Amino acid sequence: MKKINIVFGSVYGSAQYVAETLDTALNDAGCQVQLWQPEHLSDFVPPEDELLLVVTSTTGDGDLPDNIAPWFIMMKDRAPYLPELHYAVIGLGDSSYDTFCGGGKQIDALLSELGAKRVGERLDIDACETMEPETEALQWLKKWLPLADSVSQQIG
Ligand SMILES: Cc1cc2nc3c(=O)[nH]c(=O)nc-3n(C[C@H](O)[C@H](O)[C@H](O)COP(=O)(O)O)c2cc1C
């Protein structure tokens, strides 16, 4: 399995907790994982021979949290085309907003514009439906890991 870089954006800590929970679960599964703190992301262009997992909540009106927004802008302005990059996105939001999980959707759209390939479906976690987003994320991870494993073998 290729190394997995986890990037998160969070206002109140839920998305951060989901990212930390996935980091632990992936480590326990024997994967090589790096959980990036938002303050270390300024020059981070995800390597194409590694996997990228982004976990982000949504704030304002469909906006990205302040701690991940600079990375999004850097990627939009400066990242090269990344056709070999494989990624996944978990969005946290609240379906009472019209802009449900807008932050995760923005990341997904940007990575797709950069030519990167999503592995599996995006997970949109609704705070109206669950108080334990990490439980949904762990269920999603069970389905995602075999997909990520098979992609890892293809990217050599
Ligand atoms: C001020 C504010 C604005 C929000 N705006 C949105 C939004 O536009 N779309 C959405 O899906 N959720 C929105 N949410 C819900 C949060 O994304 C959700 O509660 C999430 O679980 C928070 O995760 P965090 O603790 O990692 O920030 C908003 C929450 C707050 C407090």
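As the structure is a prediction and not an experimental result, all values here were calculated from the model. (Residues numbered from 1 in each chain as written. Predicted model: local features only at pLDDT ≥ 70, side-chain atom pairs only at ≥ 80, totals over all residues. Heavy atoms only, no water.)

### Observations regarding the site of the ligand
And step 1. Lining the immediate surroundings of the ligand are 19 residues, of which Ser10, Ala15, Thr58, Thr99 and Cys101 lie closest.
And step 2. Here a nitrogen atom of the ligand sits 2.9 Å away from a polar atom, N or O, in the main chain of Gly60.
And step 3. Between Cys101 and the ligand, the recorded distance is 2.7 Å, taken from a backbone N or O atom to an oxygen atom.
And step 4. Of all the secondary-structure elements, those providing two or more residues to the shell around the ligand are helix H1 (14-28) and strand S4 (86-93).
And step 5. Residues that form the shell around the ligand fall into these classes: seven nonpolar, ten polar and two charged. (Near = heavy atom within 4 Å. Polar contact = N/O pair within 3.5 Å; in protein donor to acceptor, adjacent residues only side chain to side chain. Helix = DSSP H or I, 4+ residues; strand = E, 2+ residues; numbered from the N terminus. Nonpolar A, V, L, I, M, F, W, Y, C, P; charged D, E, K, R; others polar.)

### Remarks on the pattern of salt bridges
When the charged atoms of two side chains with opposite charge come close together, those side chains can pair.
And step 1. Counted under the stated rule, the structure contains five salt bridges.
And step 2. Notably, a salt bridge pairs Arg78 with Asp43, separated by 3.2 Å at the nearest N-O pair. Of the two residues, Arg78 is situated in helix H2 (residues 69-78) and Asp43 in the loop between strand S2 (33-36) and strand S3 (51-57); the sequence distance between them amounts to 35 residues.
And step 3. Look at Arg78 and you get exposed, because its relative accessible area is 55%.
And step 4. When its relative accessible area of 60% is taken as the criterion, Asp43 is described as exposed.
And step 5. In this structure, Arg122 and Asp108 form a salt bridge, with 2.9 Å as the shortest nitrogen-oxygen distance. (Salt bridge = Lys/Arg side-chain N within 4 Å of Asp/Glu carboxyl O. Buried < 20%, exposed > 50% of the residue type's maximum accessible area, 1.4 Å probe, protein only.)

### Digging into the UniProt feature "domain: Flavodoxin-like" (unreviewed entry) in the protein
And step 1. Per the UniProt record, "domain: Flavodoxin-like" (unreviewed entry) is annotated on residues 4-145.
And step 2. Counting secondary structure, residues 4-145 comes out at 35% helix and 22% strand; the distance between its end C-alpha atoms is 11 Å. (UniProt positions renumbered as here; feature names shortened; annotations may be inferred.)

### With respect to the nonpolar core
And step 1. Counting 26 residues, the largest nonpolar core has Leu26, Leu53, Val55, Ile90 and Trp144 as the members making the most contacts within it.
And step 2. Among the secondary structure elements, those contributing two or more residues to this core are strand S1 (4-9), H1, S3, S4, strand S6 (123-126) and helix H4 (133-155).
And step 3. The leading source of residues in this core is H4, at seven residues.
And step 4. Ignoring any residue separated from it by four or fewer positions in sequence, one finds Ile90 in contact with Leu22, Leu53, Val54, Val55, Thr56, Leu123, Ile125, Ala137 and Trp140. (Core = buried A, V, L, I, M, F, W, Y, C linked by side-chain atoms within 4.5 Å. Contact = heavy atoms within 4.5 Å.)

### As for unusual backbone geometry
And step 1. We note that Cys101 has phi near 55°; this positive angle belongs to a residue other than glycine.
And step 2. Its location among the elements puts Cys101 in the loop between S4 and helix H3 (102-113).
And step 3. Residue Cys101 is classed as buried on the basis of its relative accessible area of 1%.

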